[in-house]
Number of protein chains: 2
Amino acid sequence: MIIVPSEKDGAQIHSITVNTTVFNQEEVECVDELWEEYLAQGPEISGYYFLVEKEDDRVLGYACYGPRALTDRTYDLYWIAVDPSARRGGVGRGLLAASEEAVRKLGGRLLVLETSGLPSYGQTHKFYLATGYTLEATLKDFYRDGDDLVIFTKHL
Amino acid sequence: MIIVPSEKDGAQIHSITVNTTVFNQEEVECVDELWEEYLAQGPEISGYYFLVEKEDDRVLGYACYGPRALTDRTYDLYWIAVDPSARRGGVGRGLLAASEEAVRKLGGRLLVLETSGLPSYGQTHKFYLATGYTLEATLKDFYRDGDDLVIFTKHL
């Protein structure tokens, strides 16, 4: 079941971010910070919205999105992550669809996904292309030398 | 003379942002917010560095830049603006060169400029291309329908 998470889901969200193994320490801390702001201020003020897929008390995956400043109804999907033990069950696809629906309800017009061009993100790229996203831009060496920024977009 | 600004330069920085006429109300407020954070926390904590070109007590233009989160030494040039009455005197070019030099001194590797694709930014695009930037990506309708995001980069 995909729901809006509450404070008690925070520890599992953190664990999933660590367990995916694609995120480095700074990225893990970034997710933690967005989660703290979400808890402290709520989504409207913080600009960070979270959704989780839960099976009983277990969090299988989460998504985080929010409006991009200075744009007219453009939203970023900041993070989407699924616990490695829950892969291949459609959790990521469900979270992505639920995030799109939620952004549509907020009035969103365009959804932007920024991701790494590293080979370890190859499955992620295929996933976005398979779910209707367009690979619209690449910024060479953006994250670090040899690690490009790859931007996917979808008009909602 | 290009210097690091102090609190008393804030009013003129605000006026220049308004006077350029290319920035909308939300963008003017965004510059004001970055300036407030810069004053309150300093550049290292806030992540916003400012430079101004001054002639006696008059601010002719300013630049604002800072590190991009989650990257290895990639910096954003957030804003660069010159008072309309001081145009064509090389103020913008001087501020851009001084910003690049300052970012180099901070260890910066890559400088990223995000700007609008609207015709009113045509001169800005020419200016960046003439100063060694590469137009590396365009995100269609990013700011709003008909208003693309255009990204320039320069390896430092």
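Note: the structure precedes this text.
An account of the accompanying structure is given in this report. Being a predicted model, the structure only gives us computed values, none of them experimental.

### Points about the interface of chain B and chain A
Taken together, the 19 residues of chain B in the interface contact 19 residues of chain A. Listed by contribution, the elements that provide at least two residues to the side of chain B that touches chain A are α2 (25-46), β6 (134-144) and β7 (147-155) of chain B. No other element matches the eight residues that β6 of chain B contributes to the side of chain B that touches chain A.

### As for unusual backbone geometry
One non-glycine residue, Asp56 of chain A, lies in the positive phi region at around 55°. Relative to the elements of secondary structure, Asp56 of chain A occurs in the loop between β2 (49-55) and β3 (58-67). With 5 C-beta atoms packed within 10 Å, Asp56 of chain A lands in the exposed category. The backbone phi angle of Thr21 of chain B is positive, close to 70°, even though this residue is not glycine.

### Considering the sheet that holds β7 of chain B
All names here are of chain B. Strand order across the open sheet formed by seven strands is β1-β2-β3-β4-β5-β7-β6, with mixed pairing between neighbours. Since the sheet does not close on itself, it has two edges, and those belong to β1 (2-3) and β6, each with one partner. Sheet topology places strand β3 (residues 58-67) next to strand β4 (residues 74-82); seven bridges connect them, and they run antiparallel. Residue pairing in the sheet places Pro67 in a bridge with Tyr75 of β4.

### Concerning helix α3 (residues 91-105) of chain A
All names here are of chain A. For α3, spanning 15 residues, the distance from its first C-alpha to its last is 21 Å, which sits close to the expected 21 Å at 1.5 Å a residue. For α3, every residue scored as buried is listed here: Val91, Gly92, Leu95, Leu96, Ser99, Glu100 and Val103. Angular distribution of buried residues about the axis of α3 spans 165°; they occupy a single face of the element. For α3, the elements touching its buried residues are β1 (2-3), β2, β3, β4 (74-82), β5 (110-116) and α4 (122-130).

### So, the relation of the copies chain B and chain A
One copy of the chain maps onto the other through a rotation about an axis followed by a shift along the same axis. Note on the copies: chain B fits chain A at an RMSD of 0.0 Å, the axial shift is 0.0 Å, and the rotation between them is 180°. In symmetry terms, the pair is related by a two-fold rotation axis. Judged by C-alpha distance, Ala137 of chain B is the residue of chain B that lies nearest the rotation axis, at 2.7 Å.

### Things to note about the packing of helix α1 (residues 10-19) of chain B against α2 of chain B
All names here are of chain B. Two elements in contact, α1 and α2, have axes whose closest approach is 9 Å; the angle formed by their N-to-C orientations is 160°. As judged from the angle between their axes, α1 and α2 are roughly antiparallel. You can see that α1 and α2 cross each other, and the crossing is right-handed. Judged by residue contacts, Gly10, Ile13, His14, Thr17 and Val18 of α1 engage Val28, Val31, Asp32 and Trp35 from α2. Residues of the contact of α1 with α2, tallied by class, amount to five nonpolar, three polar and one charged.

About the thresholds
- Residues numbered from 1 in each chain as written.
- Chains lettered and ligands numbered in written order.
- Predicted model: local features only at pLDDT ≥ 70, side-chain atom pairs only at ≥ 80, totals over all residues.
- Contact = placed C-beta atoms within 7 Å.
- Helix = DSSP H or I, 4+ residues; strand = E, 2+ residues; numbered from the N terminus.
- Buried ≥ 20, exposed ≤ 12 C-beta atoms within 10 Å, placed from the backbone.
- Pairing = 2+ DSSP bridges.
- Expected span 1.5 Å × (residues − 1).
- Arc of directions from axis to C-beta.
- Least-squares fit on C-alpha atoms with pLDDT ≥ 70 in both.
- Axes fitted to C-alpha atoms, helices over the stretch in contact; angles between N-to-C directions.
- Parallel < 35°, antiparallel > 145°, perpendicular 65-115°, else oblique.
- Left-handed = near helix turned anticlockwise from the far one by under 90°.
- Nonpolar A, V, L, I, M, F, W, Y, C, P; charged D, E, K, R; others polar.

None of this, on its own, says anything about what the molecule does.
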